[in-house]
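# Notes for the structure review
Residues per chain, in single letters:
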Amino acid sequence: MSDVVERVELAPGLSVSRVLTGLWQVADLEREGAVLDPAAGAAAMRPYVEAGFTSFDMADHYGSSEVIAGQFREGAGPESVELLTKWVPKPGRHTREDVRAAVHLALERTRSRTIDLLQFHAWSYADPGWLDCLFWLQELEQEGLIRHLGLTNFDTAHLRMVVHSGIEVVSNQVCYSLVDQRARAGMTELCLEHGIKLLAFGTVAGGLVTDAWLDVPEPDADDLDSWSKMKYKRFIDAAGSWSAFQSLLQAVQGAAERHGVSMANVACRYILEQPAVAGVIIGARLGQSEHVQDNLRLFSFSLDEVSHAEIEAALESFGLPPGDCGDE
């Protein structure tokens, strides 16, 4: 394989890079209240785009991520990037006017005439208002304000409800990694049946599925320096054990050595090769660090049969976190 960035048709007329750059860390960088300079943030996007990573994932609550991406798109041209964003409304009732206002805000921030992909999140399925919001979003799609509609963190039962309600969604963004295989069964089957693509986040489990954690004693909570590591350590505890996780890391290391790539590359490539998966989302700390070259190596190899067999054997011993996608 070459190291040219692979692309996939996420939906008719919308092609995206199979590694999407996640901008959730913009919110982390702005946690102390200082807003990133949009021009500097846009400049930090350029190396990704020049390498072929033209697709960016953001949300209304990821700090000023939409503003930064909008500044880049305005300077580089509307066809230069694909901007995927989310609307995550606060719990409670919402009106048709609330939905329209949220979409117009996203359009204003991203300096776009239409949103490439608007991904909707529901906090509680018990309140049927979430379904109303999706119908209203579909109306705005028909008006041309949204090109395509997607979901984020929907479970299988409610994705099925969306499909059978006549709402046309093209994707569902879910946590999917070697330590979280919940999307592998019913969710994948439903997506394949209806032509819905999965966008996977958390593929390196906050950095735990890397060589930094191979042959390391089980950490205490104080040893984990980020919310993500704490979250995925709970996944490991729920699915199996630290010992089983180490066996999984050893299988990943074997594949990495066999292919001459990083363990993170193997973890991401494994998910990319799963049915229904269109792409994986890898975060970037704009202006502080970038992983363009390491991400490019994802397209230099495919996992061989031996690597698949060793990883599958380790997964059988590891287990699954309880529940379905989004239950956490």
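Summarised in this report is the structure supplied together with it. All values reported here derive from a predicted model rather than from experimental measurement.

The rules we used
Residues numbered from 1 in each chain as written. Predicted model: local features only at pLDDT ≥ 70, side-chain atom pairs only at ≥ 80, totals over all residues. Heavy atoms only, no water. Helix = DSSP H or I, 4+ residues; strand = E, 2+ residues; numbered from the N terminus. Expected span 1.5 Å × (residues − 1). Buried < 20%, exposed > 50% of the residue type's maximum accessible area, 1.4 Å probe, protein only. Arc of directions from axis to C-beta. Contact = heavy atoms within 4.5 Å. Phe/Tyr/Trp six-rings, centres within 6.5 Å; stacked < 30°, edge-to-face > 60°. Core = buried A, V, L, I, M, F, W, Y, C linked by side-chain atoms within 4.5 Å. Salt bridge = Lys/Arg side-chain N within 4 Å of Asp/Glu carboxyl O.

### Looking at unusual backbone geometry
For R111, which is not a glycine, the phi torsion comes out positive at approximately 55°. Mapped onto the elements, R111 comes out in the loop between α4 (96-110) and β6 (115-120).

### Some details on helix α12 (residues 305-318)
Helical periodicity: at 3.6 residues per turn, an α-helix aligns residues three or four positions apart in one direction. An ideal rise of 1.5 Å per residue puts 20 Å on 14 residues; α12 measures up with 20 Å between its terminal C-alpha atoms. Those residues of α12 not exposed but buried are S307, I311, A314, L315 and F318. Down the axis of α12, the buried side of the element spans an arc of 105°, and every buried residue falls inside it. Exposed side of α12, more than 90 degrees from the buried face: E305, E316 and S317 are the residues found there. Contacts from the buried residues of α12 go to α8 (227-239), α9 (242-259) and α10 (263-272).

### A closer look at the packing of aromatic side chains
As enumerated under the stated definition, the model contains ten aromatic pairs in all. With centroids separated by 5.5 Å and ring planes inclined at 75°, the aromatic side chains of Y125 and W130 adopt a geometry described as edge-to-face. Consider the rings of W130 and F154, whose centres lie 5.5 Å apart with planes at 70°: the pair is edge-to-face. Placement of the pair is W130 in helix α5 (residues 129-143) and F154 in the loop between β7 (146-152) and α6 (156-164), with a sequence separation of 24 residues. Overall, W130 belongs to the buried group, its relative accessible area being 5%.

### Remarks on the nonpolar core
With 114 residues, the main nonpolar core has F56, F120, L134, L137, L178, L198 and F245 as its most contacted residues. By residue number, the principal contributor to this core is α9, which donates nine residues. Other than its neighbours up to four places away in sequence, L178 contacts V209, L248, V252, A267, Y270, I271, I311, L315 and F318.

### A look at the environment of K197
Along the chain, K197 turns up in strand β9 (residues 197-201). Judged by its relative accessible area of 24%, K197 falls in the partly exposed class. Considering only alpha carbons, one finds K197 and A278, 81 residues apart in sequence, at a separation of 5.6 Å. Ignoring any residue separated from it by four or fewer positions in sequence, one finds K197 in contact with E9, L10, V170, S171, N172, A276 and A278.

### Remarks on the pattern of salt bridges
This structure, assessed with the given rule, holds 19 salt bridges. A salt bridge links E143 to R100; the shortest N-O distance between them is 2.6 Å. With a gap of 43 residues between them, E143 in helix α5 and R100 in helix α4 connect regions that are remote in the sequence. Look at E143 and you get partly exposed, because its relative accessible area is 47%. The class for R100 is partly exposed, based on a relative accessible area of 31%. For D116, the salt bridge goes to R147, with nearest N and O atoms at 3.2 Å. Taken together, the residues D116 in strand β6 and R147 in strand β7 connect sequence positions 31 residues apart. Using a relative accessible area of 4% as the deciding quantity, one classes D116 as buried. We classify R147 as partly exposed; its relative accessible area is 31%. If you follow the salt bridges from partner to partner, you end up with E6, R18, R269 and E273 in one network.

Purely geometric numbers; function is a separate question.
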